[in-house]
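The primary structure of each chain is shown beneath.
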Amino acid sequence: MPNFTYDGFLTAASNAGLLGEFSQADLDTAKKYPEFGYSILGLKQDIHKATTPEAKLLANEAANQLRSSYGGYTGGKYGADYISDGKIPNQIDSVLDKINGFGSFTFDQERPTYENQYAKQQQALLDAIINRPDFSWSKEEDPQWSSYKKSYLREGDRATANALGQAAAASGGRPSTAALTAATQAGDYYATQLNDIIPTLYQQAYDRYLNEYNMSLQDLNAVNTQEQLDYAKYLDQLGQFNTDRNFAFNQYLSDFDILQNQLASLQGQDSVDYSRWMDRVNLYEQNQAEEADLARAQVDAILSTGGSPSADLVGASGYTNEYVQALQEAYRRQAAQQAAGGGGSRSGSSGGGGSADYDGLFAAALESGHPKSFIANNYKKYGFTSQTGLSDEYEEWALEQEEKAEAGAVSFNQLYNRLSIILSEETPDAAQSLVDRLLTDDVWDSLSASEQNRIQQLLRNYGSVE
């Protein structure tokens, strides 16, 4: 695979004698993509070798297709221009459409919810524990007491009867005091045993009360434990939900950042492309202005000698036929006045004696579009012996004309041209002052949005004026 380098391309183009035919856009693209430079060089050589217009056109078209593929521009008919093919603006529009349609963040996974299914049981158990009755016991209400009572009373009766029977047998069947005493003691013994069982029954009842309380607590603890297990499971699910949602949101932000970065990159490239194009436009306008200045000087020279310039020369100067006729008439008046020793329409002197035509000079300078250059080249033709101070007087005169025209409608083109002249010929401070006087609030508000944008772009082109 060939080793293409930018330095190698420059050397090859220079050796072929074609380096000067590459536009700055071609050189910049070749610096980024050296293989592009070699390909364009080959096509330029094909153009020079072509023997027919059709062959040259085909080679140039191939070169433009290559430029469009690598840099999004074409070089025009001769390959020296910079013409954006609209790819970058279209890409910008596409990215903007994606950004505008990006929408807000959405997450289709359902957020987990928690519902305590043991809430009623917990409340019932808790209420039963908190509102449990105080302990109380009565032997009459204790079923064991009734059972013990019957048993002990039965045994007491039986012991009493046995004691009486045994005493009767010993005495031959006759009752005696000793027999009665023995029988009573036997019955009292069981009655005493019955009363002795009361504390035991009380303790047993209290133990049952405590045991029921502890069982209720155990039931509540069991339900609470299960509920806590369910809640812990919910927390795990919620944590996973938040993790998934945060991941999706970060991905959403990342995708949006990618689009914004793409937009910034395309806008930056578009700005570079536009600046390159404006450089070529400004250079073209400068060349056109210089050619027009030369043509105007030639027209003025011919008119000042009483001649008539050709239609082509007048067209190149940018003068209208009416203006040429007026200028021709002004020269004739000036010549007649000089011959008669009369004064101009506005008398005065500049650096010497004689009369001078201020209005004629300043009107012609305004029409030329380059007043300072016009005054410097033509002041003598209007009766001045020096140009000292004429530029300042011209500015005052021009402002007077503008103020007179304020009552009427000053065209946007006149205003734009006036600003262009001021910005190109004045120092930054002087230009700022004059621009402020021209662009009053009333004038600015009278402009359309597109006209205001053109004015703002014009001011931005001259960095010293904001």
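From a predicted model like this one, the values you see are computed outputs, not experimental measurements.

Mind showing me how you'd approach the overall build of the chain here?
From N to C terminus, the chain includes 18 helices and 2 strands. A burial count over the chain gives 30% of its 466 residues as buried. The long-range fraction of contacts in the chain, counting pairs at least 24 apart against all pairs at least 6 apart in sequence, stands at 62%. For the chain, the exposed area adds up to about 28900 Å²; of that, 50% sits on carbon and sulfur atoms.

Explain the environment of Glu 21 to me, please; I cannot follow it from the model alone.
Mapping Glu 21 onto the fold places it in the loop between α1 (6-15) and α2 (24-32). For Glu 21, a relative accessible area of 34% translates into the label partly exposed. Expressed as a C-alpha distance, the spacing of Glu 21 and Gly 79, which sit 58 residues apart in the sequence, is 8.2 Å. Apart from residues lying up to four places away in sequence, Glu 21 is in contact with Lys 44 and His 48. Side-chain polar atoms of Glu 21 contact the side chain of His 48, separated by 2.8 Å.

When you look at the packing of aromatic side chains in this model, what are you seeing that I'm missing?
To describe a pair of aromatic rings, one takes the distance between the centres and the angle between the planes. Per the counting criterion, the structure on display carries 27 aromatic pairs. On the numbers, 5.3 Å between centres and 50 degrees between planes, the contact of Phe 36 with Tyr 70 is tilted. One end of the pair, Phe 36, is in helix α3 (residues 34-49); the other, Tyr 70, is in helix α4 (residues 53-71), and 34 residues separate them in sequence. We classify Phe 36 as buried; its relative accessible area is 0%. Ring centres of Phe 102 and Tyr 252 lie 4.9 Å apart, and the angle between their planes is 40 degrees; this geometry places the pair in the tilted category. Linking Phe 102 in the loop between α5 (87-100) and α6 (119-130) with Tyr 252 in helix α9 (residues 198-304), this pair joins segments that are 150 residues apart in sequence. Taken together, the ring pairs connect Phe 4, Tyr 6, Phe 9, Phe 22 and Tyr 38 into an aromatic cluster. The ring of Phe 22 is capped by Lys 44, whose NZ or CZ atom sits 5.1 Å from the centre of that ring.

Explain the side chain of Gln 328 to me, please; I cannot follow it from the model alone.
Looking at the secondary structure, you find Gln 328 in helix α11 (residues 321-340). Sequence-distant contacts of Gln 328, defined by excluding residues within four places in its chain, comprise Leu 303, Gly 307 and Ser 308.

So what exactly am I meant to see when it comes to the packing of α1 against α2 here?
In helix packing, the relevant descriptors are the interaxial angle and the interaxial distance, both defined with respect to the helix axes. Where α1 meets α2, the axes come as close as 8 Å, and the angle between the chain directions of the two elements is 135 degrees. Classified by the angle their axes make, α1 and α2 are oblique. Between α1, through Tyr 6, Phe 9 and Leu 10, and α2, the contact on the second element is made entirely by Leu 27, Ala 30 and Lys 31. The residue makeup of the contact of α1 with α2, split by class, is 5 nonpolar, no polar and 1 charged.

What am I meant to see in the confidence of the model for the chain here?
Put simply, the chain has an average pLDDT of 78, and 78% of its residues get 70 or more. Overall, residues 342-354 carries pLDDT values under 50, and its contacts beyond four positions in sequence, including any with other chains, amount to 33 contacts.

How should I be thinking about α3 in this particular structure?
What sets the pattern is the α-helix's 3.6 residues per turn: residues three or four places apart point alike. Compared with an ideal rise of 1.5 Å per residue, which puts 16 residues at 22 Å, α3 spans 23 Å between its outermost C-alpha atoms and is within 8% of the ideal. All of the buried residues in α3 are Pro 34, Phe 36, Gly 37, Ile 40, Leu 41, Leu 43 and Lys 44. The inward-facing, buried residues of α3 abut α1, α2, α4 and β1 (73-74).

Honestly, the pattern of salt bridges in this entry has me stumped. Any pointers?
Between side chains of opposite charge, pairing is possible as soon as their charged atoms come close. Going through the model one piece at a time under the given rule, you end up with 2 salt bridges. Note that Glu 140 is salt-bridged to Lys 139, the shortest N-O span being 3.3 Å. Glu 140 sits in the exposed class, given a relative accessible area of 57%.

Where do I start with the packing of α1 against α3 in this structure?
Between α1 and α3, the shortest axis-to-axis distance is 8 Å and the interhelical angle comes to 15 degrees. When the axes of α1 and α3 are compared, the pair comes out roughly parallel. Considering only the axes of α1 and α3, their crossing is left-handed. Where α1 abuts α3, its residues Tyr 6, Gly 8, Phe 9, Ala 12 and Ala 13 lie against Pro 34, Gly 37, Tyr 38 and Leu 41. Among the residues forming the contact of α1 with α3, the class breakdown is 7 nonpolar, 2 polar and no charged.

I would appreciate a short explanation of a nonpolar patch on the surface in the present structure.
Side chains of Tyr 202, Tyr 206 and Leu 210 sit close together on the surface and give an oily, nonpolar patch of about 250 Å² of accessible area. Secondary-structure assignment places Leu 210 in helix α9.

Where do I start with α1 in this structure?
Measuring from the backbone nitrogen of Gly 8 back to the side-chain oxygen at the start of α1 gives 3.0 Å, which picks out Thr 5 as the cap. Downstream of α1 by one or two residues, Gly 17 has phi in the positive range, about 75 degrees.

Reading the values: rules and limits
Residues numbered from 1 in each chain as written. Predicted model: local features only at pLDDT ≥ 70, side-chain atom pairs only at ≥ 80, totals over all residues. Heavy atoms only, no water. Helix = DSSP H or I, 4+ residues; strand = E, 2+ residues; numbered from the N terminus. Buried < 20%, exposed > 50% of the residue type's maximum accessible area, 1.4 Å probe, protein only. Contact = heavy atoms within 4.5 Å. Areas by Shrake-Rupley, 256 points an atom, 1.4 Å probe, with all protein chains shown as cover. Polar contact = N/O pair within 3.5 Å; in protein donor to acceptor, adjacent residues only side chain to side chain. Phe/Tyr/Trp six-rings, centres within 6.5 Å; stacked < 30°, edge-to-face > 60°. Lys NZ or Arg CZ within 6 Å of the ring centre and 35° of its normal. Axes fitted to C-alpha atoms, helices over the stretch in contact; angles between N-to-C directions. Parallel < 35°, antiparallel > 145°, perpendicular 65-115°, else oblique. Nonpolar A, V, L, I, M, F, W, Y, C, P; charged D, E, K, R; others polar. pLDDT = per-residue confidence, 0-100. Expected span 1.5 Å × (residues − 1). Salt bridge = Lys/Arg side-chain N within 4 Å of Asp/Glu carboxyl O. Left-handed = near helix turned anticlockwise from the far one by under 90°. Patch = residues over 30% accessible without salt bridge, like charges linked within 9 Å, V, L, I, M, F, W, Y side chains within 5 Å.

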